[in-house]
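Each chain is listed here by its residues.
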Amino acid sequence: MDKLEQKTILVTGEDAEIVSQYHILTEDIKRRDDEKNLTLINPIVEYKTEEERAIFQRYREVVEKHRQANGLVLQPQLIPMLTQPVWQRPAYPVYQRPFFYECKHDKPTDLEMARILLHRRHLRVRNGSVYLYNGKFYRKLTDDQLKTLILEVLREELEVDGSSRQLASVAAAIVAEPTIEISEERIPKGGLCLKNCVMDIDSMACGNHSPEYFFTIQLQVDYQGPQPTPVMDQFIQQITGGDPILGQRIWEMIGYCLVPQDNSAKRIVLFQGLGNTGKSVLGSLLASFYEENAVGSVDAFRIGDRFSLSALATKALNISMDLPNSALNDQSVGVLKQISGNDLVQVEEKYKTPYAARIGCKMIFGTNHQLRTSSFDAAFLRRILLIPFNYPVPRHAQDPDLVEKLKREKAGILFRAMYAYHQLRINNYAFAGDDRYDLLNTVQAGEQVIDQDALIEQFIERHVVSMPGGFIPTETLHVQFLSENPNGLTNRQQFSSHFKLIAAKMGLAAISDKQRYNGKPVNGYRDIDLM
């Protein structure tokens, strides 16, 4: 590598700890500036404590040490590597591969062949399914794939007898092997499997892949430490209208959705709001962090169907962005509560024996409408993690390549999202803005939704005044209304009809009109103004 190019260097031991502390500090300073609604220019400008100043000084010394040791002109990028992630506890029960086994007979038994297979390949069993380690994580095998693996690895041993029945017998012996069974407590809770390493979430550092870690899902991103994310920052600014609390809520939601083994928040994500506001873009970005076979697309109305849970059993995310304007039935609501609550559910697969399992799939739905249920269910509404989308992007300003641009920043997005997720856990899974975006008191059963007329009347009382000769576009009124009432009418035409009637009842002469506004003809109301 040219000495004038920035080099990436993996560091271990004390150097890794110092680099991890510095990375976390920079994210902490970013968060503090975001809360002030400032743009971070220099992450080392303001320190709150001498300890923060000392962390930065030690980091500079480590960077300089590695620059000189490698004869570099530019400062290298340091990636912390932990020799043992903190979530791998020394007392953690880890399966030991059996010693090399040689058959003592000319004709090996089925159990002997299963033992030989376990020596030659890393296999685990979870909920009756067999998983094969592929060098980075464990991938679930179908029954046919398991038989193919047995034939591939044990061909010579199988040819001694030559009977095809041995394939099924060896497969049954593998499934029944108690030493490779993975229980719930043996799943690593504090780590992520990435393309180039496993990441420890608490320290924000990484370690080597290992068959000792039972990861079944790999995020499609490399660990690169903190990276700039200008496109993502602008996107968050656009979809939140610059609201730092909503921005933090979105970062925490992203972080939570990128940790597939954690369902402690017990939430169902709902992107709700107008069209062309970024719901599908954010959904596509989240899906891009996973392999295609790790993302489901079961809509909320099919969740209660007979085989629907089998389609979600091995998924990390379920994303459905077209929730219609219909009431969810009680069965779908009940199953969604079970999934989000990490409860045991009965899973049916075609031609297989039903089994009980906890489905760790995060549920993400998007809609342009109000959420409605057949029966009022307070427990369900408490589970909803509402992300409002109230700021449409005009067609001429939409970027068709936005998703691809965001994907190029996935390494930086991952690091910042994991920092936000770390903060979420510190706050006992209370998301930023939970007090502002609460569906419990705004959604009622069936066709009855919130009292929209009361919301609009309160909005007019607070913000609309008579102004002869004045003019306000309907879009301006609607956006202002939704910024204060995330669960208000999202359909602009309906809002306009209600607004006109209520304003007239209140004695406000709001006259429908079409005028040029900022150089373009728009619909609105004259003789009023916003205060």
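Below: a short report on this structure. (Residues numbered from 1 in each chain as written. Predicted model: local features only at pLDDT ≥ 70, side-chain atom pairs only at ≥ 80, totals over all residues. Heavy atoms only, no water.)

### Let's talk about the overall build of the protein chain
- Along the protein chain, the regular secondary structure elements total 16 helices and 18 strands.
- Residues counted as buried form 50% of the 531 residues belonging to the protein chain.
- A total accessible area of about 25800 Å² is found for the protein chain, and carbon and sulfur atoms account for 48% of it. (Helix = DSSP H or I, 4+ residues; strand = E, 2+ residues; numbered from the N terminus. Buried < 20%, exposed > 50% of the residue type's maximum accessible area, 1.4 Å probe, protein only. Areas by Shrake-Rupley, 256 points an atom, 1.4 Å probe, with all protein chains shown as cover.)

### Brief notes about the sheet that holds strand β18 (residues 520-530)
- Strand order in this open sheet of three strands is β16-β18-β17, and the pairing throughout is antiparallel. Two strands bound the open sheet, and with one partner strand each, they are β16 (464-473) and β17 (511-517). Adjacent strand axes in the sheet meet at a mean angle of 35° when their direction is disregarded.
- Bridge count between β16 and β18: six bridges; the pairing is antiparallel. (Pairing = 2+ DSSP bridges. Axes fitted to C-alpha atoms, helices over the stretch in contact; angles between N-to-C directions.)

### Concerning unusual backbone geometry
- With phi around 55°, N127 is a residue other than glycine that occupies positive phi space.
- By the secondary structure assignment, N127 is in the loop between β3 (123-126) and β4 (129-133).
- On the basis of relative accessible area, N127 is assigned to the partly exposed category, the value being 34%.

### Considerations on the nonpolar core
- In terms of nonpolar packing, the biggest core is built from 88 residues, with M253, I254, F271, Y290, L414 and M418 touching the most fellow members.
- What F271 contacts, discounting residues up to four positions off in sequence, is M253, K279, L282, G283, L286, M321, I364, F365, G366, T367, I387 and F389.
- Counting 22 residues, the second largest nonpolar core, distinct from the first, contains L118, V130, L167 and A173. (Core = buried A, V, L, I, M, F, W, Y, C linked by side-chain atoms within 4.5 Å. Contact = heavy atoms within 4.5 Å.)

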